[in-house]
Amino acid sequence: QNDCKNDEADTYALEFPWDTLDYYDGTAWLECRLRHARTDQLLVVLGFSLQRREEDGRWLIDKMDWQDFREKYRPGIGREEWERICG
């Protein structure tokens, strides 16, 4: 949970719904969710495409996907179904 105490609306819990998905080809996928700390409402889903650096084997972020489900940042056309099906 974050330490922001200015506004209860900004209070969230961080969730990693499953382990990192390693494709064993030098790429992987990591998902993280932000949920309202009091109501457990889904606020944001972050997805990270990772690439393994050959020199030292460390994972680097290649791409990031941000799905925002907060009302004031309504998802674009077609995003509503994404949460219903995959959320």
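Here we summarise the structure given alongside this text. These figures come from a predicted structure and were not determined experimentally.

1. Re the pairing of strand β3 (residues 27-36)
Step number 1: Of all the 10 residues making up β3, eight are buried; the element is thus mostly covered by neighbouring parts of the structure.
Step number 2: One ladder, built from four bridges, connects strand β1 (residues 12-15) with β3; its direction is antiparallel. Across the sheet, Leu14 pairs through a bridge with Leu34, a residue of β3.
Step number 3: With two bridges joining them, strand β2 (residues 21-22) and β3 adopt antiparallel strand pairing. Paired with Asp22 across the strands is Ala28, a residue of β3.

2. Some points on the pattern of salt bridges
Step number 1: Applying the stated criterion across every chain, the model contains seven salt bridges.
Step number 2: Note that Glu31 is salt-bridged to Arg33, the shortest N-O span being 2.7 Å.
Step number 3: Take Glu31: its relative accessible area is 7%, and that puts it in the buried class.
Step number 4: With a shortest N-O distance of 3.9 Å, Arg53 and Glu55 are connected by a salt bridge.
Step number 5: By relative accessible area, Glu55 is classed as exposed at 68%.

3. Regarding the environment of Asp56
Step number 1: Tracing the chain through its elements places Asp56 in the loop between β4 (42-52) and β5 (59-68).
Step number 2: At 3.1 Å, the side chain of Asp56 forms a polar contact with the backbone nitrogen of Arg58.

4. Details of a nonpolar patch on the surface
Step number 1: Together, Ile61, Met64 and Trp66 make up an exposed nonpolar region whose accessible area comes to about 350 Å².
Step number 2: Judged by relative accessible area, which is 57%, Ile61 ranks as exposed.

Rules used throughout
- Residues numbered from 1 in each chain as written.
- Predicted model: local features only at pLDDT ≥ 70, side-chain atom pairs only at ≥ 80, totals over all residues.
- Heavy atoms only, no water.
- Buried < 20%, exposed > 50% of the residue type's maximum accessible area, 1.4 Å probe, protein only.
- Helix = DSSP H or I, 4+ residues; strand = E, 2+ residues; numbered from the N terminus.
- Pairing = 2+ DSSP bridges.
- Salt bridge = Lys/Arg side-chain N within 4 Å of Asp/Glu carboxyl O.
- Polar contact = N/O pair within 3.5 Å; in protein donor to acceptor, adjacent residues only side chain to side chain.
- Patch = residues over 30% accessible without salt bridge, like charges linked within 9 Å, V, L, I, M, F, W, Y side chains within 5 Å.
- Areas by Shrake-Rupley, 256 points an atom, 1.4 Å probe, with all protein chains shown as cover.

In short, geometric facts, not functional conclusions.
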